[in-house]
Amino acid sequence: MRDKIAKIEKIVIDILKEFNEELENEALNNPTSKTKLYGTNGTLDSLALVSFITDLEESISDEFDKEIVLADEKAMSATTSPFRNVESLTNYITKLLEE
Amino acid sequence: MKSILLKDYRLLTDEEHKDLLQIRNADEIREVSLDAKIISFDEHLSWIKKLQDDRQKEYFAVIYNNKIIGGVNTFDIDAKVKWGVFFESLAPLMIKSIIPIYFMDFIFSTFTCSDIYAEIKKENLNAISYNKSLGFKLLPRKDIVTMHLTHENYLKAKNGVILKRVIKKMTLYKFKIERYDER
């Protein structure tokens, strides 16, 4: 399970880096598990988050051969957003893949 | 396919006006609005009455899952077309992302304009960033930030890193707009 989480986190970070090659946001140059994504002091606005998640969904689905929907309305309007940082997003994806 | 309706304020029922006003008067909306005062229901209805004859302003409630979740507006004042948007805090992020794109297309085609402006409080960094993603450029700063979008830049932004991906998701939704002039 720990390997799976590490793999997921690597995908999140790799996609974030690729996305940032075009976005050119300095705060995302060297993302880690603690990098803030969306919300208070987040690095992405709502449009950028949706865009990033669209790429991420495809990569995760390809890697684990399972369709997942990250841009789920419940998650995206949750009070404690799973998109607040890389670690929370990784945990959220892990949970979705286990379902 | 999920449906999104943009309904002209002038076509709303009294109940719908109350729902809309509740969102507009919420603290998190007023904190970032240029006009931060609480609007009473009577004041709101008087303003709607004045809007009946104003052909240069269009205000729409955003309705999703049969619920008003926010509003978008555009107005043409002194030959400058401006736009604005607000959503309740728990409005689905996907809807918050695709509505501006749909509405920009609507403004450029309906007003046959080549430029749109946005005026934003300088503290509202999320809105400034959001408008930049749509292709808006910052004009020289004062207390209120003015942003400017040319149709050319908007079309470039639609092919850019952020909007290109979000536009893919728009195919999952069916849009409808109810305008007052088309009754």
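The structure under discussion appears in the preceding block.
Description of the structure in this document. Being a predicted model, the structure only gives us computed values, none of them experimental. (Residues numbered from 1 in each chain as written. Chains lettered and ligands numbered in written order. Predicted model: local features only at pLDDT ≥ 70, side-chain atom pairs only at ≥ 80, totals over all residues. Heavy atoms only, no water.)

**Brief notes about the interface of chain B and chain A**
How big an interface is tends to be stated in terms of accessible area lost as the parts join. As a reminder of what qualifies: Should any heavy atoms of two residues lie within 4.5 Å, those residues are counted as being in contact. Summed over both partners, the accessible area lost on bringing two parts together, with a 1.4 Å probe, is the buried area. Each salt bridge in this description consists of a side-chain nitrogen of Lys or Arg and a carboxyl oxygen of Asp or Glu lying within 4 Å of one another. We call two N or O atoms a polar contact when they sit within 3.5 Å, provided that within protein one can donate a hydrogen and the other can accept it, with sequence-adjacent residues counted only if both atoms are side-chain atoms. Amino acid classes used here: Ala, Val, Leu, Ile, Met, Phe, Trp, Tyr, Cys and Pro are nonpolar; Asp, Glu, Lys and Arg are charged; the rest, including Gly, are polar.
Taken residue by residue, the interface counts 24 residues in chain B and 19 residues in chain A. In this assembly, chain B packs against chain A so that about 1900 Å² is buried in total across both faces, 60% of it on carbon and sulfur atoms. The interface formed by chain B and chain A contains four salt bridges. At the junction of chain B with chain A, the criterion picks out nine residue pairs in polar contact (both at pLDDT 80 or more). The residue inventory of the side of chain B that touches chain A, partitioned by class, reads 14 nonpolar, five polar and five charged.

**What about the packing of aromatic side chains?**
Residues and elements named next belong to chain B. Selection criterion: Any Phe, Tyr or Trp ring, taking Trp's six-membered ring, that has another such ring centre within 6.5 Å forms a pair; planes under 30 degrees apart are called stacked, those over 60 apart edge-to-face, and the others tilted. The way it works is that DSSP assigns letters per residue, a run of H or I at least four long becomes a helix, a run of E at least two long becomes a strand, and they are numbered from the N terminus.
This structure, assessed with the given rule, holds 13 aromatic pairs over all chains. Centroid distance Tyr 64 to Tyr 173: 6.2 Å. Interplanar angle 55 degrees. Geometry classified as tilted. You can see Tyr 64 sitting in strand β2 (residues 57-64) and its partner Tyr 173 sitting in strand β8 (residues 173-178), a full 109 residues away along the chain. Feature note: the residues Tyr 9, Trp 47, Tyr 59 and Phe 75 constitute an aromatic cluster, connected by ring pairs.

**With respect to the environment of B:Lys168**
The cut-off we apply is this: Exposure is judged per residue with a 1.4 Å probe applied to protein chains only, and the accessible area is read against the type maximum: over 50% gives exposed, under 20% gives buried, and values in between give partly exposed.
Structurally, B:Lys168 can be placed in helix α7 (residues 163-170). Assessed through its relative accessible area of 45%, B:Lys168 is described here as partly exposed.

**Overview of the pairing of strand β3 (residues 67-77) of chain B**
All names here are of chain B. The condition is simple: Following DSSP output, two strands are said to pair if at least two bridges run between them.
Where burial is concerned, most of β3 is hidden: eight out of the eleven residues are buried. In the sheet, β2 pairs with β3 via eight bridges, with the strands oriented antiparallel. Looking at β3, one finds that Val 62 is bridged to Gly 70. Connecting β2 to the next strand, β3, in antiparallel fashion are two residues, including Asn 65 with a positive phi near 55 degrees. Across eight bridges, β3 lies against strand β4 (residues 80-87) in antiparallel orientation. When the sheet's bridge partners are listed, Ile 77 is paired in β4 with Lys 80. In this antiparallel pair of consecutive strands, β3 and β4, the connection spans two residues, and Asp 78 shows a positive phi of 50 degrees.

**Structural notes on the pattern of salt bridges**
Considering all chains together, one arrives at 20 salt bridges over all chains under this definition. Among the ionic pairs, A:Asp55 bridges to B:Arg165, the shortest N-O distance being 2.6 Å. Of this pair, A:Asp55 sits in helix α2 (residues 46-64) while B:Arg165 sits in helix α7, on two different chains. Taken individually, A:Asp55 and B:Arg165 each receive the classification buried, so the pair is uniform in this respect. For A:Glu58, the salt bridge identified is with B:Lys168, shortest N-O distance 3.1 Å. Here the residue A:Glu58 occupies a position in helix α2, and B:Lys168 occupies one in helix α7, the pair thus bridging two chains. Accessibility expressed as a relative area gives 40% for A:Glu58, which makes it partly exposed.

**A short note on helix α4 (residues 93-110) of chain B**
All names here are of chain B. The following threshold applies: Expected helix span is computed as 1.5 Å times (number of residues minus one).
Taking 1.5 Å per residue as the helical rise, α4 with its 18 residues ought to reach 26 Å, and the 26 Å between its terminal C-alpha atoms agrees with that figure. Across the 18 residues of α4, 15 count as buried, placing the element largely inside the fold. The positive-phi residue at the C-terminal boundary of α4 is Thr 112, with phi of around 35 degrees.

**Thoughts on helix α1 (residues 14-24) of chain B**
All names here are of chain B. Cut-off, in case you're wondering: Regarding the arc, it is the one traced by the directions from the helix axis to the C-beta atoms.
Inspection of α1 places Glu 16, His 17, Leu 20, Leu 21, Ile 23 and Arg 24 among the buried residues, and these make up the whole buried set. Looking down the long axis of α1, one finds its buried residues gathered within 155 degrees of arc, a one-sided arrangement. Along α1, the residues that are exposed and aim more than 90 degrees away from the buried face are Glu 15 and Gln 22. Taken together, the buried residues of α1 touch β1 (2-8), α2 (27-30), α3 (41-51), β2, β3 and β4.

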